Amino acid sequence: MVRSRSVANATNRTALFQVQRHERLLTELRRNGAVRVSDLARDLGVSELTIRRDITALAARNLVQRVHGGATLPIPLPARPAARRTAFTIGMVVPSLDFYWPPIVAGARAAGAALGVNVQLRGSSYDPAEDRRQIGRLIDAGQVQGLLLAPRLDGDDADRMPGWIARLPVPVILVERQPRRWTGGPRPVEWVRSDHELGLEIAVHHLYEQGHRRIGLLVSEGSPTSAYLRTGWRRACADLDLPADLVNVPVKGLTAVVVHSDPEAIAVARDCADRGIRVPDDLAIVSYDDEVAHLAEPALTAIRPPKNHVGRLAVELMVSRLLDGDRRPAQGVLVAPELVVRQSSLSRRVRV
């Protein structure tokens, strides 16, 4: 195996951030077709275990193939048989067409195109009455065989909306929503959503590994995601024996904070800069959403919900329901988020 010249000639042998290491590893793979763990570890100034973990993470995304002592470019998979095409029309009602939801819609449309499904999109709001109006229009038009919905399932309508949905005349898949209990309708309400609880746990564990013990959580009280994040927060604090009461408290006295969502996290970073608080030296920040976290200064580490995959899975699950009918058991699907490490959370006192 030929050692990469660009790596061999590297003069900066300090530890690189994870994202930089991944970019370097992939660049060398594309250039040479293979990399060796020992060479990369020596030239990037990190342990061989760190490089092996990098390779494992990239292999999980099918970007590299692990081999003994290093990695190679992945072997192309054989062509998959063409997906069975249908003539279904599925209605989709989402509460926003600009923030968070566009990748989910894109994933749903991509799956629809692959399966021959027409996705009729309607924008609503975070208002149960408006949700009902948009759903009713799709039903009254008589053109949809199934519905993908993201209604509010909290507040005064928390108990009524799931039961109303369960009695609709066509199958329903909830998207980024989950009923709190059995709905009691003629058919079960299925769902696909990001595992936000796990995402929050990943964020807290990441900060804990960076040496932080005073970790706070800032969430929006009006977001449907907040309840999931609070659950993940309690789990992580219990696992790591951390104080669980540091929710929506001032950052003074904290060494790290998880913020939902990106605009709020960017505002926290700007406020820190105005007050002379250094990020990440004085306060580490992890954002939850990763819509625009990379545009902050410094770029924010973020938990990225698998939005595109949620949209794809929702359409695939609906097509399965329409093809198989009641023969298929009801399903609820959780999809794991990923941690995207950037400058805002890495302690300079900790070697990666």
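If you're wondering where the values come from, they're calculated on a predicted model, not measured in any experiment.

**Some thoughts on the pairing of strand β12 (residues 301–304)**
Part 1 of the argument: In this structure, strand β11 (residues 284–288) lies alongside β12, joined through three bridges in parallel fashion. Considered in β12, the bridge of S287 is made with A302.
Part 2 of the argument: With three bridges joining them, β12 and strand β14 (residues 338–340) adopt antiparallel strand pairing. For I303, the partnering residue across the bridge sits in β14 and is L339.

**Description of the pattern of salt bridges**
Part 1 of the argument: Applying the stated criterion across every chain yields a total of 17 salt bridges.
Part 2 of the argument: Across the salt bridge formed by R230 and E221, the nearest N and O atoms sit 2.7 Å from each other.
Part 3 of the argument: Judged by relative accessible area, E221 falls into the exposed class, the value being 59%.
Part 4 of the argument: A salt bridge links E338 to R304; its shortest N-O distance comes to 3.5 Å. Of this pair, E338 sits in strand β14 while R304 is found in strand β12, placing the two residues 34 residues apart along the sequence.
Part 5 of the argument: R304 sits in the partly exposed class, given a relative accessible area of 32%.
Part 6 of the argument: Within this structure, D290, R304, E338 and R342 form a network of salt bridges that share partners.

**Comments concerning the packing of helix α5 (residues 101–115) against helix α11 (residues 307–324)**
Part 1 of the argument: Running from N to C, α5 and α11 point in directions that differ by 40°, and their axes come no closer than 6 Å. Accordingly, the angle class assigned to the pair α5 and α11 is oblique. Seen from above, α5 lies across α11 with right-handed handedness. Of the residues in α11, those touching α5 at P103, I104, A106, G107, A108, A110, A111, G112 and L115 are K307, N308, G311, R312, V315, E316 and V319.
Part 2 of the argument: Here the residues of the contact of α5 with α11 sort into nine nonpolar, four polar and three charged.

Calculation notes
Residues numbered from 1 in each chain as written. Predicted model: local features only at pLDDT ≥ 70, side-chain atom pairs only at ≥ 80, totals over all residues. Heavy atoms only, no water. Pairing = 2+ DSSP bridges. Helix = DSSP H or I, 4+ residues; strand = E, 2+ residues; numbered from the N terminus. Salt bridge = Lys/Arg side-chain N within 4 Å of Asp/Glu carboxyl O. Buried < 20%, exposed > 50% of the residue type's maximum accessible area, 1.4 Å probe, protein only. Axes fitted to C-alpha atoms, helices over the stretch in contact; angles between N-to-C directions. Parallel < 35°, antiparallel > 145°, perpendicular 65-115°, else oblique. Left-handed = near helix turned anticlockwise from the far one by under 90°. Contact = heavy atoms within 4.5 Å. Nonpolar A, V, L, I, M, F, W, Y, C, P; charged D, E, K, R; others polar.

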